[in-house]
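Results of the structural survey
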Amino acid sequence: MRRQTFAREPEETALRNDLAIQVEGLGKSYRIGAKQEAYGTLRDSLAEMAAAPWRALRSTLRGGNRRGGAASRTNDIWALKDVTFEVKRGEAVGIIGRNGAGKSTLLKILSRITEPTTGYADINGRVGSLLEVGTGFHPELTGRENIFLNGAILGMKRGEIIKKFDEMVAFAEVEKFIDTPVKHYSSGMYLRLAFSVAAHLEPEILLVDEVLAVGDMAFQKKCLGKMEDVATEGRTVLFVSHNLGAIKELCRTSVLLRDGLVSFQGPVVEGIVLYSRETMQAEADDAHARRGTRWTDLKVNNAGAAFAPALNGVEPFTIGARLEVHEPLLDARFKCRMDDASGHTLIYHVTNQKELDAPEITPGVYRVGVGFPPLWLVPGVYTLYFQLTARTSDGEEKRYMSERVMLNVTGKLDGQGRAVLSPPLDWSLVREKAASA
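Quick look at the structure, then. Think of each chain on its own: its residues are numbered from 1, step by step along the sequence as written. Where totals are concerned, whole chains, interfaces and linings use all residues; where local detail is concerned, this predicted model gives features only for residues with pLDDT of at least 70, and gives and counts side-chain atom pairs only at 80 or more. To obtain the side-chain values, all non-hydrogen atoms of the structure were included, while hydrogens and water were left out.

1. Some remarks on the overall build of the protein chain
Across its full length, the protein chain holds 8 helices and 19 strands. Counting across all 437 residues of the protein chain, residues that qualify as buried make up 42%. Surface accessibility of the protein chain: about 24,900 Å² in total, with carbon and sulfur atoms responsible for 52%. Secondary structure is summarised from DSSP: a helix means a run of H or I of at least four residues, a strand means a run of E of at least two, and numbering begins at the N terminus for each. Partly exposed describes any residue whose relative accessible area lies between the buried limit of under 20% and the exposed limit of over 50%, with all areas from a 1.4 Å probe on protein chains only and scaled to the type maximum. Residue burial considers only the protein chains on display, and all accessible areas are found by Shrake-Rupley using a 1.4 Å probe.

2. So, the nonpolar core
Within the largest apolar cluster, 31 residues are counted, with the highest numbers of intra-cluster contacts made by Leu 130, Phe 195, Leu 206, Val 208, Met 227, Val 237 and Phe 239. Those elements that place two or more of their residues in this core are strand S4 (92-96), helix H5 (187-199), strand S7 (205-209), helix H6 (217-232), strand S8 (236-240), helix H7 (244-250) and helix H8 (268-289). Sort the elements by how many residues they give to this core and H6 lands first, with 6 residues. Within the second largest apolar cluster, 30 residues are counted, among which are Met 338, Phe 372, Val 378 and Leu 388. Only buried Ala, Val, Leu, Ile, Met, Phe, Trp, Tyr and Cys residues count toward a nonpolar core, and they belong to the same one when joined by side-chain atoms within 4.5 Å.

3. Here's the deal with the sheet that holds strand S11 (residues 294-300)
If DSSP finds at least two bridges between two strands, the strands pair. Read across the open sheet, the 3 strands follow the order S11-S13-S16; overall the sheet is antiparallel. The two strands at the open ends of the sheet, each matched to only one other strand, are S11 and strand S16 (364-372). Direction aside, the axes of adjacent strands within the sheet are offset by 20 degrees on average. The sheet contact formed by strand S13 (residues 317-325) and S16 spans 9 bridges and is antiparallel. Its bridge partner being in S16, Ala 321 is matched across the sheet by Val 368. Axis angles are defined between N-to-C directions and span 0 to 180 degrees, where every axis is a line fitted to C-alpha atoms and, for a helix, only to the segment in contact.

4. Some thoughts on the packing of aromatic side chains
Aromatic contacts are taken between Phe, Tyr and Trp rings whose centres are within 6.5 Å, Trp giving its six-membered ring; a plane angle under 30 degrees counts as stacked, one over 60 as edge-to-face, and the others as tilted. Here the structure, examined in full by the defined rule, presents 6 aromatic pairs. On the numbers, 6.2 Å between centres and 85 degrees between planes, the contact of Trp 295 with Phe 334 is edge-to-face. Highlighted residues: Trp 295 in strand S11 and Phe 334 in strand S14 (residues 330-339), separated in sequence by 39 residues. The residues Trp 295 and Phe 334 share a single accessibility class, namely buried. Ring geometry for Trp 295 against Phe 386: centres 5.4 Å apart, planes inclined by 50 degrees, an arrangement best described as tilted. In this pair, Trp 295 sits in strand S11 while Phe 386 sits in strand S17 (residues 380-391), placing the two residues 91 residues apart along the sequence. Phe 386 sits in the buried class, given a relative accessible area of 2%. Ring pairing ties together the aromatic residues Trp 295, Phe 334 and Phe 386, which thus form one cluster.

5. Things to note about the environment of Asn 99
Examined against the element boundaries, Asn 99 turns out to sit in the loop between S4 and helix H2 (103-110). What makes Asn 99 exposed here is its relative accessible area of 70%. Measuring from C-alpha to C-alpha, the distance between Asn 99 and Arg 258 comes to 9.3 Å, with 159 residues separating the pair along the chain. Pairing of N or O atoms within 3.5 Å defines a polar contact, subject to two protein rules: one partner must be a possible hydrogen donor and the other a possible acceptor, and residues neighboring in sequence count only if both atoms are side-chain atoms. A polar contact of 3.0 Å, which involves the side chain of Asn 99, links it to the side chain of His 242.

6. Some details on the environment of Gly 225
Inspection of the secondary structure assignment puts Gly 225 in helix H6. Put simply, Gly 225 and Leu 250 are 25 residues apart on the chain and 9.1 Å apart in space, counted from C-alpha to C-alpha.

7. So, the side chain of Thr 392
Relative to the helices and strands, Thr 392 is located in the loop between S17 and strand S18 (397-401). Given the relative accessible area of 3%, Thr 392 is considered buried. We call two residues in contact when some of their heavy atoms are within 4.5 Å. Sequence-distant contacts of Thr 392, that is, excluding residues within four places in its chain, are made with Glu 327, Pro 328, Leu 329, Leu 330 and Lys 398.

8. Some points on the packing of H5 against H6
For the pair H5 and H6, the least separation of the axes is 11 Å and the interaxial angle reads 10 degrees. Considering their axes alone, H5 and H6 lie roughly parallel with respect to each other. Facing H5, whose interface residues are Arg 192, Phe 195 and Ala 199, H6 presents Phe 219, Cys 223, Lys 226 and Met 227. Any residue outside Ala, Val, Leu, Ile, Met, Phe, Trp, Tyr, Cys, Pro, Asp, Glu, Lys and Arg is labelled polar, Gly included; the first ten of those are nonpolar and the last four are charged. A class-by-class count of the residues in the contact of H5 with H6 yields 5 nonpolar, no polar and 2 charged. Relative orientations are named as follows: roughly parallel for angles under 35 degrees, roughly antiparallel for angles over 145 degrees, roughly perpendicular for angles from 65 to 115 degrees, and oblique for any other angle.

9. Structural notes on the packing of helix H4 (residues 158-172) against H6
Pairs of packed helices are described in terms of their axes, by the angle between the two and the distance that separates them. At a minimum axis separation of 11 Å, H4 and H6 run at an interaxial angle of 140 degrees. It follows that H4 is oblique to H6 by the angle criterion. Of the residues in H6, those touching H4 at Glu 167, Ala 170, Phe 171 and Ala 172 are Phe 219, Lys 222, Cys 223 and Lys 226. When grouped by side-chain class, the residues that make up the contact of H4 with H6 number 5 nonpolar, no polar and 3 charged.

Put into structure tokens, the structure is as follows:
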């Protein structure tokens, strides 16, 4: 076991044995607008020290630096602020949040790529990082040579690389091109090989930052399966991804970051629900700020505002919305779409103006409702939204999309992995009669 500590006060108590990571008051600030100093020699540094007092005296006699102004000012931006959380050994934790929330900065600090400005982080165990796939690959070297080079950079011993070499090549599916310089690889081959090397590390703590979007769909499934194997082997995993479906499948707990702060730490489904609510609230605010024809006041079972109460996946439900029309609309088509947490479309239904027995849609306020039968959805988070497509009186076609409403489905249905639906099926088992002699 190797223990790593960052900016830790010496009087602090030791890390508990059941913890793999302990983060306390972690903060990271970046200075925007500051000119980065070039690296200098020892002679340059001594000359700078000798000249500094004379420059200060000269500046004082001249009344100070009068050219300061806005151009020389800098701004400190905090990517992380007072981040505190704990991760137990063998726990898989999903780090979620919107762009700019500080997720990647957190993993870079835990990977010792950058140092924190405030606070400390204790890490108990060997760390492996999958942050930027392909870092350390040399285009002039062959795939074989890059495996040994990149493996060494990631902390693997030569014997370990030799032992896993065939497995890494087979996983990347580049057997025919292993002795070809990687500059001749396609971008997919390059990334597959880089991911394969990094994924075959055997650290006690694995930090993963949005690297499962590598290659085609089949390889992405293979990557996710590999990460699941790592998590089930009892190793600690911190996983950053915008793919909420992958987060839900891989992790049991989550940490939600908002503007550099920890806004939630707990069960992964609750974290995904909170994150989805934040995202949809931002979309709703944007929709309400728009003028003209628009959707408002989406409700599930006529309860809640833009957010759904807990639903049972085996019961029918309704979605209602308010439609404000500000100009006459022709040939209107209403669309309803439901997606799962991974963004896969589960339901897509279209109805037109005639089917709704609405000969004309004139300016005014309308109530739109859709009734759903029992869908037998497995527990999880789903989103649903409406869209109106129509022609205006001048012949221009316009689209009006609603904000998304969240469906938080609870219950005891077992999805068995990546399943979405679990309907009751009518099974039968009939023994055939034995053939007569």
